[in-house]
Amino acid sequence: MDDAAALMTVTTRAEHVDVLVVGAGISGVGGAYHLKTQCPDKSFVVLESKESFGGTWRTHAYPGVRSDSDLYTFGYRFKPWIGPPIAAGQAILDYMGEVIEENELGGNIRYGHKILSAAWSSATNLWTLKVLRAEDGETLVFTANFLWMCQGYYQHDKGYTPDWEGMETFQGPIVHPQTWPKDLDYKDKRVVIIGSGATAATLVPNMADDCAELTLLQRSPTYFIPGGNRNELADSLRELKIDETWIHEIVRRRIVLDQHEFTRRTFEEPEAVRGELLGGVRAFLGEDFDVDTHFTPAYRPWRQRIAFVPEGDIFQKIAAGKAAIVTDEIERFTPQGILLKSGKTLEADIIVTATGFNLSVLGEIAFSIDGAPLDFGETVTYRGMMFTGVPNMVWVFGYFRASWTLRADLIGDFVCRLFKHMDAKGAKRVEVALRPEDHNMPRLPWIDPENFNPGYLMRDMHLLPKAGDKPEWRHSQDYWNEKDVFPAIDLDDRAFVYG
Ligand SMILES: Cc1cc2nc3c(=O)[nH]c(=O)nc-3n(C[C@H](O)[C@H](O)[C@H](O)COP(=O)(O)OP(=O)(O)OC[C@H]3O[C@@H](n4cnc5c(N)ncnc54)[C@H](O)[C@@H]3O)c2cc1C
């Protein structure tokens, strides 16, 4: 008897559902919507370890937290977005709350339920999950036919902070934006923010007016797209009193087409795109500012995520002298601040480490298949959503260069279609498997570092499933292609094995 079967026999508390959704972030709430609307016959539950829904947008509560892509595409395809394209974290939470309420999803979501382990049994074709309930510390058991993994891609409890020499000697607080203390008082303090990504670019304009001094310290520059936080097409359509459902769809199509064109140009004419992006920054900072040192990355555009900066707010603060930028490396921390490799020092009362995430592959859940621990690094991914040797499971991993939710919706449609196909066949189990023609395929990293290489992926790429060199066995990162390919996936292809 395997572990899962043994657990089933000793407990009388197991609760069974057809589908168990892991996580109530934007992907999990979307999954619940798709299940309820497209598969009303399936029983399902969403288990969320936090006290409420939102995922990323609940975890991150630092000053000014906001999206870095537009909400027409980061919002669901089924609920119009009517606010400004770049949205505050709270506005995104409100939007998700409305989705839950309007679709009566609340009864299907259990908060304060952390999944500890998931064991697949081929004898029963069931997943058995051990779940820690926060309110009483009790370990519950759930069984499910299918796991819909919406746990995101990073550890929510702790952000990534490099281990710099002398950190313990610094006399003030060292704060990571992911775990921002509610009572952090930075008024009239000297603050150094370490980082160069969207989070740092959000913190600077939102803190600058309050701090005595604010310095952004980066090792290397990042590309940004500064621009007005409005969508002219949406505004025109609203003026014409077009229905919001139409506006949502039309504006999404426009944005997706524009982004597809932009991505194509970053590959085919990177220098021209680089010139345009830097021109946008210079327009705020003026010709005398050293854009070459501080805002000109060494890599071609789009190899790391490019954040949209509403109204160019970080550049406005720098131009107004409210914030400074330093491009240098940290030698070590000192009791008073940071000593840089150039020999300069930055004195600080508070240091903020906007230095990124710790990758989390599948929610830090201990997975096993028929009693054997599962190493996801050994599996091969089917289109970045299913994995060889892992039955009845799908993972929602969105796009880096387009809004995450575009893919969450595509996968939602795919999974519901798969369920109907399985029911029609009388299948209890589906697994992806390499076909004879795939066996000699090279095993490649989850994502090609030449294509896209953010730090959290580079640090832990070995933990992620492998890819192949055929479209079926890759996460293409290309919504433009997948929007047509996903609905047409042949569910009777030999890559799908039913039982
Ligand atoms: C500050 C910030 C801004 C961002 N802005 C954008 C943007 O503008 N556009 C964009 O496309 N992307 C953006 N991203 C990326 C963003 O994380 C994703 O787009 C998206 O929010 C991920 O949603 P998710 O539901 O898949 O995962 P998450 O938001 O990470 O939610 C996962 C949920 O699963 C829960 N969970 C995890 N493990 C378990 C477990 N074992 N048991 C129970 N529950 C569990 C977590 O508690 C969490 O609530 C941003 C990220 C950050 C940090």
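No experiment lies behind these values; they were computed from the predicted model shown.

A. Quick look at the overall build of the chain. Per the secondary structure count, the chain includes 14 helices and 23 strands. Against the 2.2 N^0.38 benchmark of 23 Å for 499 residues, the chain shows a C-alpha radius of gyration of 24 Å, consistent with a compact globule. With the principal axes as the frame, the chain shows a C-alpha extent of 70 × 55 × 50 Å. Counting the 499 residues in the chain, one finds 40% classified as buried.

B. Focus on the packing of helix α7 (residues 232-239) against helix α8 (residues 244-268). Running from N to C, α7 and α8 point in directions that differ by 155°, and their axes come no closer than 10 Å. In terms of orientation, α7 and α8 fall into the roughly antiparallel class. Crossing of α7 over α8 shows right-handed handedness. Contacts from Leu 233, Ala 234, Leu 237 and Arg 238 of α7 reach α8 at Ile 247, Ile 250, Val 251 and Arg 254. When its residues are assigned to classes, the contact of α7 with α8 shows six nonpolar, no polar and two charged.

C. Looking closely at the site of the ligand. Close to the ligand lie 33 residues, the nearest being Gly 23, Gly 25, Gly 55, Gly 152 and Trp 404. At the level of secondary structure, the elements contributing two or more residues to the shell around the ligand comprise α2 (26-38) and β4 (113-121). In terms of residue count, the dominant contributor to the shell around the ligand is α2 (three residues). Each residue belonging to the shell around the ligand can be placed in one class, and the counts come to 11 nonpolar, 17 polar and five charged.

D. Up close: the nonpolar core. Judged by nonpolar contacts, the single largest core of 83 residues is most densely connected at Leu 20, Leu 147, Trp 148 and Met 149. Counting contributing residues per domain, this core is built from domain 1 (3-157 + 358-498) and domain 2 (167-353), each supplying no fewer than three. With residues up to four places along the chain from it excluded, the contact list for Met 149 reads Val 22, Leu 362, Met 393, Val 394, Trp 395 and Val 396.

E. Examining the sheet that holds strand β7 (residues 174-175) more closely. On the basis of which strands lie adjacent, the open sheet formed by five strands has the order β7-β16-β8-β9-β12 and parallel pairing. Both edges of this open sheet fall to β7 and β12 (324-327), since each of them pairs with a single strand only. Direction of pairing for β7 relative to strand β16 (residues 350-353): parallel, over a ladder of two bridges. When the bridges of β16 are listed, Val 175 appears paired with Val 352.

F. Fine view of the domain arrangement of the chain. Assigned domains of the chain: these are domain 1 (3-157 + 358-498) and domain 2 (167-353). Computed over C-alpha atoms, the centres of domain 1 and domain 2 are 30 Å apart. With 28 residues of domain 1 at the interface, the matching set in domain 2 holds 30 residues. Looking at the side of domain 1 that touches domain 2, the elements that each hand over two or more residues are α4 (71-74) and α14 (479-485). Split into classes, the residues belonging to the side of domain 1 that touches domain 2 amount to 17 nonpolar, six polar and five charged.

G. Representation of the sheet that holds strand β14 (residues 337-340). Pairing within the open sheet is antiparallel, and its three strands lie in the order β13-β14-β15. Edge positions in the sheet fall to β13 (330-334) and β15 (345-347), since each has one partner strand and no second. Ignoring strand direction, the axes of neighbouring strands in this sheet form an average angle of 20°.

H. Inspection of the pairing of strand β1 (residues 15-22) at higher detail. As judged from the seven bridges shared by β1 and strand β6 (residues 139-149), these two strands associate in the parallel manner. Bridge assignment links Glu 15 to a residue of β6, and that residue is Phe 142. Looking at chain direction, β1 and strand β2 (residues 44-47) are connected through four bridges and run parallel. Its bridge partner lying in β2, Val 22 is registered against Leu 47. Taken together, β1, α2 and β2 constitute a β-α-β crossover, and its handedness is right-handed.

I. Seen up close, the environment of Asp 469. Tracing the backbone through its elements, the reader meets Asp 469 in the loop between α13 (455-460) and α14. Along the chain, Asp 469 and Val 191 lie 278 residues apart, while their C-alpha atoms are 47 Å from each other. Here Asp 469 is in contact with Met 441, Pro 442 and Leu 444, once residues within four sequence places are set aside.

J. Up close: unusual backbone geometry. One non-glycine residue, Glu 104, lies in the positive phi region at around 50°. When you line up the elements, Glu 104 lands in the loop between α5 (89-102) and β3 (109-110). A count of 9 C-beta atoms within 10 Å places Glu 104 in the exposed class. A positive phi angle, near 60°, is found at Lys 241, a position not held by glycine. As for its position among the elements, Lys 241 is in the loop between α7 and α8. C-beta crowding within 10 Å serves as the criterion here: with 6 such atoms nearby, Lys 241 is assigned to the exposed category.

K. Seen up close, the environment of Gly 112. Relative to the helices and strands, Gly 112 is located in the loop between β3 and β4. The spacing of Gly 112 and Asp 288 is 176 residues in sequence and 53 Å in space, taken between C-alpha atoms. Beyond its immediate stretch of four places on either side in the chain, Gly 112 contacts Glu 51, Arg 133, Ala 134 and Glu 135.

L. The arrangement of α2 in detail. Its 13 residues give α2 an end-to-end C-alpha distance of 18 Å, which sits within 8% of 18 Å, the value for a rise of 1.5 Å per residue. In terms of burial, α2 is largely enclosed, as 10 of its 13 residues are buried. Of all the residues in α2, the buried ones are Ile 26, Ser 27, Gly 28, Val 29, Gly 30, Gly 31, Ala 32, Tyr 33, His 34 and Leu 35. The inward-facing, buried residues of α2 contact β1, β2, α5, β3, β6 and α12 (404-425).

Parameters at a glance
In this numbering scheme, every chain counts its residues from 1 along its sequence in written order. Given that the model is predicted, a residue must reach a pLDDT of at least 70 before its local features are reported, and side-chain atom pairs must reach 80 or more before they are shown or counted; all residues, however, enter totals for whole chains, interfaces and linings. In this description a helix means any DSSP run of H or I spanning at least four residues, a strand means any run of E spanning at least two, and both kinds are numbered starting from the N terminus. Our radius of gyration looks at C-alpha atoms and nothing else; its globule reference is 2.2 Å times the residue count to the power 0.38. Burial is judged by counting the other C-beta atoms within 10 Å of a residue's own C-beta: 20 or more makes it buried, 12 or fewer makes it exposed, and any count in between marks it as partly exposed, with every C-beta position built from the backbone. A fitted line through C-alpha atoms serves as each axis, taken over the contacting stretch for helices, and the angle formed by two N-to-C directions is quoted from 0 to 180°. Convention used here: angles under 35 degrees read as roughly parallel, angles over 145 as roughly antiparallel, angles from 65 to 115 as roughly perpendicular, and any remaining angle as oblique. In a left-handed crossing the near helix is turned counterclockwise from the far helix by less than a right angle, and in a right-handed crossing that turn is clockwise. Two residues form a contact once the distance between their C-beta atoms, set from the backbone, is within 7 Å. In this count, Pro and Cys sit with the nonpolar residues alongside Ala, Val, Leu, Ile, Met, Phe, Trp and Tyr, while Asp, Glu, Lys and Arg are called charged and the others, Gly among them, polar. Defining nearness, a residue is near a molecule or strand when the C-beta atom obtained from its backbone falls within 6 Å of it. Residues enter a nonpolar core if they are buried, belong to Ala, Val, Leu, Ile, Met, Phe, Trp, Tyr or Cys, and are joined to the set through C-beta atoms within 7 Å. Segmentation of the chain into domains, including their bounds, is taken from an automatic or database domain assignment. What makes two strands pair is DSSP finding at least two bridges between them. By convention a crossover is right-handed if, when the strands point away from the viewer, the path from the first strand over the helix to the second runs clockwise. To estimate the expected span of a helix, count its residues, drop one, and scale the result by 1.5 Å.

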